[in-house]
Amino acid sequence: MARNSEAGPGGRGARDEAFKAFAVARTGHLYRTACLLTGGDTHLAEDLVQEALGRIYAQWHRTSWFTPRARIENPAGYAHTVLVRVFLSHRGRRSSTEQPVDEVPDGAAREGDTTLRLTLVDALGRLSPQDRAVLVLRYWEDRSVGETADILRSTSGAVRTRTVRALGRIRSLLGDSLGELAER
């Protein structure tokens with residue numbers, strides 16, 4: 001006989017299936033975001049996505065219909081918040097000081113200007129983790145200043161300041177090369 005927590009539409013089996021569907025639907029986008037956060041380190045990006053999905057699964061019961069007070073209203077947004085926090089906590093670990101070698105990423109190039117894409121990812125990789133997180137959240141994820149501040153556990157003013165400074169660093173790293181690459 002099935003236990004009450006596993007039976008019915010809100011049981012563990014149904015929650016597991018719902019999580020699998022969610023993970024399949026969101027993994028690609030989480031991975032692309034993680035690649036930007038890691039400066040193109042595809043292996044670290046995979047690790048971050050896996051750790052983020054593990055943490056999300058541990059909290060997945062909050063999306064159940066029978067727990068409205070603890071419900072996760074936006075699981076996709078929550079997933080990106082967890083990913084960014086996993087990235088930032090990873091950067092603080094001693095083992096995170098390993099540097100990737102200059103090799104071509106494993107995946108095949110996607111459509112678009114590969115040179116421009118690689119140049120931008122390389123420039124992002126040269127920024128501090130906090131600066132990368134701010135730029136990825138604001139411009140890749142299209143998050144508001146308030147949302148970004150919540151995710152980074154910061155103030156809106158600090159996010160605005162960090163955004164301006166990070167954009168200035170990107171511009172100084174790219175110099176005139178960005179305009180030349182964009183014109184091709």
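Criteria and thresholds
Residues numbered from 1 in each chain as written. Predicted model: local features only at pLDDT ≥ 70, side-chain atom pairs only at ≥ 80, totals over all residues. Heavy atoms only, no water. Helix = DSSP H or I, 4+ residues; strand = E, 2+ residues; numbered from the N terminus. Buried < 20%, exposed > 50% of the residue type's maximum accessible area, 1.4 Å probe, protein only. Contact = heavy atoms within 4.5 Å. Areas by Shrake-Rupley, 256 points an atom, 1.4 Å probe, with all protein chains shown as cover. Salt bridge = Lys/Arg side-chain N within 4 Å of Asp/Glu carboxyl O. Arc of directions from axis to C-beta. Axes fitted to C-alpha atoms, helices over the stretch in contact; angles between N-to-C directions. Parallel < 35°, antiparallel > 145°, perpendicular 65-115°, else oblique. Nonpolar A, V, L, I, M, F, W, Y, C, P; charged D, E, K, R; others polar.

K.L.:
How should I be thinking about the overall build of the protein in this particular structure?
P.N.:
Counting its secondary structure elements, the protein contains eight helices and zero strands. N-terminal to C-terminal, the α/β element order of the protein is α-α-α-α-α-α-α-α. Buried residues in the protein amount to 34% of all 184 residues. In the protein, the share of contacts with a sequence separation of at least 24, taken over all contacts with a separation of at least 6, comes to 66%. Summed over all atoms, the accessible surface of the protein reaches about 11,400 Å², with 51% contributed by carbon and sulfur.

K.L.:
In this structure, what is going on with unusual backbone geometry? I would like to understand it.
P.N.:
Peptide bonds are, in most cases, trans, and in most cases residues other than glycine have a negative phi. Of note in this structure, aspartate 142 is not a glycine but carries a positive phi near 55 degrees. Looking at the element boundaries, aspartate 142 is found in the loop between helix H5 (129–140) and helix H6 (145–152). By relative accessible area, aspartate 142 is classed as exposed at 64%. Even without glycine at this site, arginine 153 takes up a positive phi of about 55 degrees. If you trace the backbone, arginine 153 turns up in the loop between H6 and helix H7 (156–174). With a relative accessible area of 66%, arginine 153 lands in the exposed category.

K.L.:
Would you take a moment to explain the pattern of salt bridges for this structure?
P.N.:
Side chains that differ in charge, positive against negative, can pair when their charged atoms come close. Applying the stated rule across the entire model yields five salt bridges. Among the ionic pairs, lysine 20 bridges to glutamate 17, the shortest N-O distance being 3.6 Å. Of this pair, lysine 20 and glutamate 17 both sit in helix H1 (residues 12–37), three residues apart, which is roughly one turn of that helix. The salt bridge partner of aspartate 131 is arginine 169, with a shortest N-O separation of 2.3 Å. Taken together, the residues span a long stretch of sequence, with aspartate 131 in helix H5 and arginine 169 in helix H7 at a distance of 38 residues. Overall, arginine 169 belongs to the partly exposed group, its relative accessible area being 39%.

K.L.:
Honestly, the environment of aspartate 122 in this entry has me stumped. Any pointers?
P.N.:
Position of aspartate 122 among the secondary structure elements: in helix H4 (residues 114–125). For aspartate 122, a relative accessible area of 38% corresponds to the partly exposed category. On a C-alpha basis, the gap between aspartate 122 and glycine 39 in space is 6.0 Å, while along the polypeptide they are 83 residues apart.

K.L.:
Sorry if this is basic, but what is going on with H6 here?
P.N.:
Three- or four-residue spacings in an α-helix give side chains the same orientation, since the helix completes a turn every 3.6 residues. Regarding H6, the residues found buried are Val145, Thr148, Ala149, Ile151 and Leu152. Here the buried residues of H6 occupy an arc of 165 degrees about the axis, which is enough to place them on one side.

K.L.:
Would you take a moment to explain the environment of histidine 61 for this structure?
P.N.:
Mapped onto the elements of the fold, histidine 61 is located in the loop between helix H2 (42–59) and helix H3 (75–91). For histidine 61 and phenylalanine 19, which are 42 residues apart along the polypeptide, the C-alpha to C-alpha distance reads 9.5 Å.

K.L.:
When you look at the packing of H6 against H7 in this model, what are you seeing that I'm missing?
P.N.:
Helix packing for two helices is described by the angle between their axes and how far apart those axes are. Between H6 and H7, whose axes approach to 8 Å, the crossing angle comes to 100 degrees. Here H7 runs roughly perpendicular to H6, going by the angle between their axes. Mapping the contact onto sequence places Val145, Gly146, Thr148 and Ala149 in H6 and Ser156, Val159 and Arg160 in H7. Classifying every residue of the contact of H6 with H7 by side-chain character gives three nonpolar, three polar and one charged.

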